[in-house]
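Structure at a glance
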Amino acid sequence: QVQLAESGGELVQAGGSLRLSCAASGVTFNAFNNYAMGWFRQSPGKEREFVGAIGWRGSSTYYTDSVKGRFVISRDNAKNTVYLQMNSLKPEDTAVYYCAARRTYAQAMTLMTGIMDFWGKGTLVTVSS
């Protein structure tokens with residue numbers, strides 16, 4: 001069974017930076033286990049929102065408009081880990097951030113559908129004003 005574990009969420013001031021990590025276990029990222037990875041977030045009382053995604057090889061990335069230019073997704077398949085670097089954080093970025101995986105050769109933007117194979121339990125990011 002594939003398991004995803006997010007880490008790095010914490011309280012940070014507006015304008016600050018934070019890096020989230022998503023470590024996968026039970027699988028080794030490679031051409032045979034071609035998992036594209038997505039980051040999603042959800043605030044209380046709101047629907048889950050797509051943040052960004054990265055293709056299985058790391059050659060394709062896609063971001064929602066609200067985070068473009070501020071967030072960067074990267075991955076290290078040798079470590080079975082995906083990262084979300086968040087810069088210039090705003091209070092509206094406050095949410096529980098989830099890492100998710102989908103086995104696909106398609107481009108990263110296709111993950112915005114939110115249809116994933118595995119989900120992590122999330123990590124809370126709180127941005128103070």
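Shown above is the structure to which this text applies.
Scope of this entry: the structure provided in the associated data block. (Residues numbered from 1 in each chain as written. Predicted model: local features only at pLDDT ≥ 70, side-chain atom pairs only at ≥ 80, totals over all residues. Heavy atoms only, no water.)

To continue, consider the overall build of the chain. Helix and strand counts for the chain stand at zero helices and eleven strands. In sequence order, the chain lays out its α and β elements as β-β-β-β-β-β-β-β-β-β-β. Expected size for 129 residues packed as a compact globule is a radius of gyration near 14 Å; at 14 Å, the chain falls within 12% of this value. Here the chain, with 129 residues, has 47% of them falling under the buried criterion. A separation of at least 24 residues holds for 59% of the contacts in the chain among residues at least 6 apart in sequence. Separation of charge centres in the chain, based on 13 positive and 9 negative side chains, amounts to 6 Å. (Helix = DSSP H or I, 4+ residues; strand = E, 2+ residues; numbered from the N terminus. Rg over C-alpha atoms; globule rule 2.2 N^0.38 Å. Buried < 20%, exposed > 50% of the residue type's maximum accessible area, 1.4 Å probe, protein only. Contact = heavy atoms within 4.5 Å. Lys, Arg positive; Asp, Glu negative; His and termini not counted. Charge placed at Lys NZ, Arg CZ, Asp CG, Glu CD.)

Nonpolar side chains in soluble globular proteins tend to be buried together. Grouped together as the largest cluster of nonpolar side chains are 28 residues, with contacts concentrated most on Met37, Trp39, Met86 and Tyr97. For this core, the secondary structure elements donating two or more residues are strand 3 (18-25), strand 4 (35-42), strand 5 (49-54), strand 7 (71-76), strand 8 (81-86), strand 9 (95-103) and strand 11 (123-128). Those residues in contact with methionine 37 that lie beyond four places of it in its chain are Leu4, Cys22, Phe29, Gly52, Ala53, Ile54, Arg75, Val82, Cys99, Ala100, Ala101 and Leu111. Counting eight residues, the second largest nonpolar core, distinct from the first, contains Ala36, Ala108, Leu111 and Met116. (Core = buried A, V, L, I, M, F, W, Y, C linked by side-chain atoms within 4.5 Å.)

Once that is clear, we can look at the pattern of salt bridges. Scanning all chains against the criterion turns up four salt bridges. With a closest N to O distance of 2.9 Å, glutamate 49 and arginine 41 form a salt bridge. Notably, a salt bridge pairs lysine 68 with aspartate 65, separated by 3.0 Å at the nearest N-O pair. Here lysine 68 falls in the partly exposed class, since its relative accessible area comes to 43%. Taking relative accessible area as the criterion, aspartate 65 reaches 62% and is therefore assigned exposed. (Salt bridge = Lys/Arg side-chain N within 4 Å of Asp/Glu carboxyl O.)

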